[in-house]
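Per-entry structural report
Chain by chain, the residues run as shown.
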Amino acid sequence: ILLAPSCGRSNRGTMGVPPAPKSSFRRKFCGCLFQIPEHAPKLYSDKAFDFIDWQWHQNAAWRHRLEPFVFFVVASGFVWQLAHVFMISIFCGLYHIYLVPMGWPNFSSQLNSAFGMVTTCLSLLLVFRTNSSYSRWWEARIVWGSVVNLSRNYARQMMIWAPPERTHVARLGARWMAAAVHVMRAHLRAKHTGRVTQEAGHLLTLDEFAWLAQWRSAPQGAAHVLSWAAANLGVHYQREQVLQELVNTFINDLGMCERILRTPMPTAYTSHTSRFVLIYITIAPVLLWNVLQWATPVCSVMIAFLLLGTENIGVQIEEPFKVLPLD
């Protein structure tokens, strides 16, 4: 079983990534401006709830508690956007104080009706964006639940149905079934081989890891072993068919997870929504000045933070395998 077919051997290539700027200054500047914060995966990841977690979750006082540290951590992901809004607010204040008295136009009173229409459009965009991302998140959770259930059924049926002289095959199948779940999770989270070895090191040997690394898709290699174990268990063909169907379900679930992973929402929609939010929070200080005066910078930054956070939640859960509690 440690001989992989040639069609399954890896032919690794690099995924398309945007080219790095040639200038060292531009490279450092873009790195600081657009680098993904290290805390982002942990900040948006979920956890599997138990009864105690549900009690806290249903407690209104606990849900509405202030978390200044989390606020500043989340805000650190919007540094340049919030700084942009703050500077626009200061500029609006200076404009109204020094230039409007000289006869320059007061845009705050001229854009109110248009701004109301834009607010409605932005609300619809954000609602659709968040709901679509949640649908992807929930579908991924359903598929992963199917993976967990079939792994339990496969291991249980292998151990119960195995004849006494084929117990070693049943143990091999149960061991590889447990390892297949770890391998699939690592495959969906793009973890390197060393991390997979660490997570499933108690289930597979080094030779088995080396064989698995030859596959372009490691979960398919694990499914190959599971199918071999079912075929060589020495049971009635109907029981073998049940085990093979579980392996087929595992492959089908893998395909559904890869579809979610490799097919994001249309990038044009995501880009348009993000730029719509940026334009909205840029114009907001202009319209708020007549009412809030020098409180405009603070209020504009808060509004920008809330809108950017709502839009960012939709983006983060769009790829659900880094936020779902798959462990």
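Remember, it's a predicted structure, so these values are computed and weren't measured experimentally.

About the thresholds
Residues numbered from 1 in each chain as written. Predicted model: local features only at pLDDT ≥ 70, side-chain atom pairs only at ≥ 80, totals over all residues. Heavy atoms only, no water. Helix = DSSP H or I, 4+ residues; strand = E, 2+ residues; numbered from the N terminus. Buried < 20%, exposed > 50% of the residue type's maximum accessible area, 1.4 Å probe, protein only. Contact = heavy atoms within 4.5 Å. Areas by Shrake-Rupley, 256 points an atom, 1.4 Å probe, with all protein chains shown as cover. Axes fitted to C-alpha atoms, helices over the stretch in contact; angles between N-to-C directions. Parallel < 35°, antiparallel > 145°, perpendicular 65-115°, else oblique. Left-handed = near helix turned anticlockwise from the far one by under 90°. Nonpolar A, V, L, I, M, F, W, Y, C, P; charged D, E, K, R; others polar. Salt bridge = Lys/Arg side-chain N within 4 Å of Asp/Glu carboxyl O. Expected span 1.5 Å × (residues − 1). Phe/Tyr/Trp six-rings, centres within 6.5 Å; stacked < 30°, edge-to-face > 60°. Patch = residues over 30% accessible without salt bridge, like charges linked within 9 Å, V, L, I, M, F, W, Y side chains within 5 Å.

1. Overview of the overall build of the chain
- Along the chain, the regular secondary structure elements total 14 helices and zero strands.
- Helices (α) and strands (β) of the chain occur, in sequence order from the N terminus, as α-α-α-α-α-α-α-α-α-α-α-α-α-α.
- Among the 327 residues that make up the chain, the fraction classed as buried is 35%.
- Residue pairs at least 24 apart in sequence account for 81% of intrachain contacts in the chain once pairs closer than 6 positions are excluded.
- When the accessible surface of the chain is summed, it comes to about 19800 Å², and 64% of that surface belongs to carbon and sulfur atoms.

2. Concerning the packing of helix 8 (residues 167-188) against helix 12 (residues 237-262)
- At their nearest, the axes of helix 8 and helix 12 sit 11 Å apart, and the two run at 15 degrees to each other. In terms of orientation, helix 8 lies roughly parallel with respect to helix 12. Of the two elements, helix 8 crosses helix 12, and the hand of that crossing is right-handed. Residue-level contacts link Met177, Ala180, Met184, His187 and Leu188 of helix 8 to Phe250, Asp253, Leu254, Cys257, Glu258, Leu261 and Arg262 of helix 12.
- Considering only residue class, the contact of helix 8 with helix 12 consists of eight nonpolar, one polar and three charged.

3. A look at the pattern of salt bridges
- Under the criterion given, the structure shown has five salt bridges.
- Taking the shortest distance from any N to any O, the salt bridge between Asp53 and Lys47 comes out at 3.1 Å.
- Assessed through its relative accessible area of 49%, Lys47 is described here as partly exposed.

4. So, helix 11 (residues 218-231)
- For helix 11, built from 14 residues, the straight-helix expectation of 20 Å at 1.5 Å per residue is met to within 8% by its first-to-last C-alpha distance of 20 Å.
- Within helix 11 the residues assigned to the buried category are Pro219, Gly221, Ala222, Ala223, Val225, Leu226, Ala229 and Ala230.

5. Structural notes on the environment of Phe71
- The topology assignment puts Phe71 in helix 5 (residues 68-75).
- A relative accessible area of 31% places Phe71 in the partly exposed class.
- Expressed as a C-alpha distance, the spacing of Phe71 and Phe305, which sit 234 residues apart in the sequence, is 9.5 Å.
- Not counting residues up to four positions away in its chain, the partners in contact with Phe71 are Met302 and Phe305.

6. Let's talk about the environment of Ala218
- The residue Ala218 is located in helix 11 in this model.
- Sequence separation of Ala218 and Ala186 is 32 residues, and the distance between their C-alpha atoms is 9.3 Å.
- Beyond its immediate sequence surroundings of up to four residues, Ala218 is in contact with Val183 and Leu212.

7. Things to note about the packing of aromatic side chains
- Within this structure, the stated rule accounts for 13 aromatic pairs.
- Relative to Trp54, the ring of Phe49 has its centre 5.0 Å away and its plane inclined at 75 degrees; by these criteria the two rings are edge-to-face.
- Through successive ring pairs, a cluster of aromatic residues spans Phe71, Phe72, Phe78 and Phe305.

8. Some points on the packing of helix 7 (residues 112-161) against helix 14 (residues 296-318)
- Direction vectors running N to C along helix 7 and helix 14 enclose 30 degrees, while the axes themselves pass 8 Å from each other. Considered as vectors, helix 7 and helix 14 are oriented roughly parallel to each other. Relative to helix 14, the crossing made by helix 7 is left-handed. Where helix 7 approaches helix 14, its residues Leu122, Leu126, Arg129, Thr130, Ser133, Tyr134, Arg136 and Trp137 are matched on the opposing element by Leu307, Thr310, Glu311, Gly314, Val315, Ile317 and Glu318.
- Residues that form the contact of helix 7 with helix 14 fall into these classes: seven nonpolar, four polar and four charged.

9. Quick look at a nonpolar patch on the surface
- Residues Phe71, Phe72, Val298 and Met302 make up a contiguous nonpolar surface patch of about 390 Å² in total accessible area.
- Secondary-structure elements contributing two or more residues to the nonpolar patch are helix 5 and helix 14.
- Within the secondary structure, Met302 sits in helix 14.

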